[in-house]
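Given next are the chains, with one letter for each unit.
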Amino acid sequence: MCKDTTKTSPKEDLKLSIKIGTTDKEDKADTAFPRDCSALDPLSVSGVYRIYPAALVEFDVYCDMDTMCGGWTVFQQRIDGTHNFFTDWNAYKTGFGDLNEEFWLGNDYLHSITSSGQHRLRVELEAYDGSTAYAEYSTFNIDDSKSDYILNISGYSGNAGDSFDYHNGMKFSTSDKDNDIASWNCATSSVGAWWYANCHSSNLNGRYGIVDDHTGVPIVYVHQLLYNATFGSTVTLNCSVSTTTSSTITEVYWQKWDECQIKYISSTTTSSSAKYSGSTVNTPSLTVFNAEGLDVASYTCFASNIAGTGYSTASFLNVSAAAFPRDCNDLGLLSGSGVYRIYPTTSVEFDVYCDKDIMCGRWTVFQKRFDGAYGFFRDWNAYKIGFGDLNQEFWLGNDYLHYITSSGQYRLRVELEAYDGSTAYAEYSTFSIGDSQSDYNLNVGGYSGNAGM
């Protein structure tokens, strides 16, 4: 008899594990070529093992040999949020991460394991305070890649709530392969990848540290009120809040996820007597200017009551101005470093090198030197229009630099690396240059860093 040690349901997620067990009754103890973790010797310890789910198919998995008598094949684990789970279709197809740390096993492997026999699913959650919860399903499998890994799941038990039933029968979706039934891309707006419908009741590959809780926590939606699909357009978003209990909504606020941190950008504290039981209340809208190309999914509305805080996961706007980015900051989250065409004004377009790796990415590079292959002792016209190779050493061009910084607020980052590999940087919170008539007058301020001013 195995003991279930789960406690109360958490409000926020700290650790998350999704694992597969078997409901087959026949003897599966083939320890030489185990089909999955349930076929290991029961005395085996938890760790990484090679399994053989089908002829000519073998791969490594993490086996949990401790929970509920062991034999669980783990296909997702999140511990501390160090690994980015907002990635593309191919990554989820083949898997990513470290089997001893955070990882997604891979949809192809998940299908191989569940394609024959009877399997069950167990989801385990652990909160910051150590409390735990679980959900278990007696039937679980996913179809192959041709079906886009359709989810088949039923038979819930546990204390975490049934948040998978809503997704039963759905195809898997990522930001670059939209298989949901919503009119927008749920993976993009929910910053994850999942068997989305319209959009989700669970989002276990979403932003780390936030899970859904349906025990009276406010339900929050973001709706697009106005969108004019022209360059420099303005978007107005409205936050609608509803609850299933009589708990008073104490606060509604907007946050923006940008530059690796959450910025608190607006707040509305409600009347202490206000109760929105079973109904909807509209809060003041949020207007975003120059929204063409903006990652509107980075704007999240939160609402709080005594049960906790709910948040929006779907902004009904997925602006496709990645087709017309004003600078590298307007590129999508999954774009890699490289050369892109930008459109800083309605009549000006040109190619730039975008650094998507340093400090959250989205940097427009206007000078690069690394081996001295290009001579930088050049005349006025060369510096005016630019020179070099955007994939090697170059100066972007003062005219182009002015176009980029002539509107909006920009910062400057200078990075230095010595022959011995040591590095230093200088960052300025304000940066722009004037036009050619001013001889490209430099405006810079707000130093930080370790390279010196």
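Our structure's up above, just so we're on the same page.
Quantities reported herein were computed from a predicted structural model and do not represent experimental measurements. (Residues numbered from 1 in each chain as written. Predicted model: local features only at pLDDT ≥ 70, side-chain atom pairs only at ≥ 80, totals over all residues. Heavy atoms only, no water.)

**Quick word on unusual backbone geometry**
Its identity is not glycine, yet Leu56 carries a phi of approximately 70°, on the positive side. Tracing the backbone through its elements, the reader meets Leu56 in the loop between strand 2 (47-54) and strand 3 (57-64). On the accessibility criterion, Leu56 (90% relative accessible area) is exposed. Its identity is not glycine, yet Tyr440 carries a phi of approximately 60°, on the positive side. Relative to the elements of secondary structure, Tyr440 occurs in the loop between strand 25 (423-433) and strand 26 (442-449). (Helix = DSSP H or I, 4+ residues; strand = E, 2+ residues; numbered from the N terminus. Buried < 20%, exposed > 50% of the residue type's maximum accessible area, 1.4 Å probe, protein only.)

**Comments concerning the sheet that holds strand 21 (residues 367-368)**
As summarised here, the arrangement of the three strands in space is 21-23-22, forming an open sheet in which the pairing is antiparallel. Unpaired on one side and paired on the other, strand 21 and strand 22 (387-388) mark the two borders of the sheet. Relative to strand 23 (residues 394-395), strand 21 runs antiparallel, the two being bridged by two bridges. Across the sheet, residue Lys368 finds its bridge partner in strand 23, namely Phe394. (Pairing = 2+ DSSP bridges.)

**Focus: the pattern of salt bridges**
Per the stated rule, a full pass over the model turns up 13 salt bridges. The closest approach of N and O atoms between Glu349 and Arg341, which form a salt bridge, is 3.0 Å. The closest approach of N and O atoms between Arg413 and Glu415, which form a salt bridge, is 2.8 Å. Classification of Glu415 by relative accessible area gives partly exposed; the value is 41%. By sharing partners, the salt bridges in this structure join Arg120, Arg122, Glu124 and Glu136 into a single network. (Salt bridge = Lys/Arg side-chain N within 4 Å of Asp/Glu carboxyl O.)

**Digging into the environment of Leu125**
By the secondary structure assignment, Leu125 is in strand 7 (residues 119-126). For the pair Leu125 and Ser17, spaced 108 residues apart in the sequence, the C-alpha separation amounts to 6.8 Å.

**Comments concerning the sheet that holds strand 25**
Strand order in the open sheet formed by three strands is 24-25-26, and the pairing between neighbours is antiparallel. This sheet does not close on itself; its edge strands, each paired only once, are strand 24 (412-417) and strand 26. This sheet shows a mean twist of 30° between the axes of neighbouring strands, independent of strand direction. Pairing analysis gives seven bridges linking strand 25 to strand 26, with the strands arranged antiparallel. Bridging across to strand 26, Ala426 finds its partner in Gly449. (Axes fitted to C-alpha atoms, helices over the stretch in contact; angles between N-to-C directions.)

**Thoughts on helix 5 (residues 398-405)**
Within helix 5, six of the eight residues are buried, leaving the element largely enclosed by the surrounding structure. Listed in full, the buried residues belonging to helix 5 are Asn398, Asp399, Leu401, His402, Ile404 and Thr405. Those residues of helix 5 hidden inside the fold are in contact with strand 18 (338-345), strand 19 (348-355), strand 20 (363-365), helix 4 (380-385), strand 23 and strand 25. (Contact = heavy atoms within 4.5 Å.)

**Here we look at the nonpolar core**
By size, the foremost hydrophobic cluster in this structure holds 43 residues, and its most contacted members are Phe75, Trp104, Leu121, Phe140, Phe164 and Trp195. Secondary structure elements with two or more residues in this core: strand 1 (15-22), strand 3, helix 1 (89-94), helix 2 (107-114), strand 7, strand 8 (132-142), strand 9 (151-158) and helix 3 (186-189). Counting residues per element, this core draws most heavily on strand 8, which supplies four residues. If we skip the residues at most four places from it in the chain, Leu121 touches Ile18, Lys19, Trp72, Phe75, Ala135, Glu136, Tyr137, Phe140, Ile153 and Phe164. Formed by 26 residues, the second largest nonpolar core is a distinct cluster that contains Tyr410, Ala426, Phe431 and Ile433. (Core = buried A, V, L, I, M, F, W, Y, C linked by side-chain atoms within 4.5 Å.)

**What to know about the packing of aromatic side chains**
The way to describe two aromatic rings as a pair is by their centre distance and the angle between their planes. Scanning the model with the defined rule gives 25 aromatic pairs in all. Relative to Phe140, the ring of Phe75 has its centre 5.9 Å away and its plane inclined at 5°; by these criteria the two rings are stacked. Placement of the pair is Phe75 in strand 4 (residues 72-78) and Phe140 in strand 8, with a sequence separation of 65 residues. On the basis of relative accessible area, Phe140 is assigned to the buried category, the value being 2%. (Phe/Tyr/Trp six-rings, centres within 6.5 Å; stacked < 30°, edge-to-face > 60°.)

**Observations regarding the pairing of strand 25**
With six bridges joining them, strand 24 and strand 25 adopt antiparallel strand pairing. Bridged to Leu412 within strand 25 is Tyr428. From the end of strand 24 to the start of strand 25, which pair antiparallel, there are five residues, and Gly421 there has a positive phi angle of about 90°.

**Some remarks on the state of the cysteines**
One pass over the structure, following the stated rule, counts two disulfides. Put simply, Cys37 and Cys63 are joined by a disulfide, and their sulfur atoms are 2.0 Å apart. Taking the torsion about the sulfur-sulfur bond, which here is approximately -75°, the covalent link between Cys37 and Cys63 counts as left-handed. Here Cys63 lies in strand 3 and Cys37 lies in the loop between strand 1 and strand 2, a separation of 26 residues in the sequence. Each member of the pair, Cys37 as well as Cys63, is classed as buried. In this model, Cys328 is linked to Cys354 through a disulfide, with the two sulfur atoms separated by 2.0 Å. In this structure the cystine formed by Cys328 and Cys354 twists about its S-S bond by roughly -75°; its chirality is therefore left-handed. Of this pair, Cys328 sits in the loop between strand 17 (308-311) and strand 18 while Cys354 sits in strand 19, and the two are 26 residues apart along the sequence. Considered together, Cys328 and Cys354 belong to a single accessibility category, that of buried residues. (Disulfide = S-S within 2.5 Å.)

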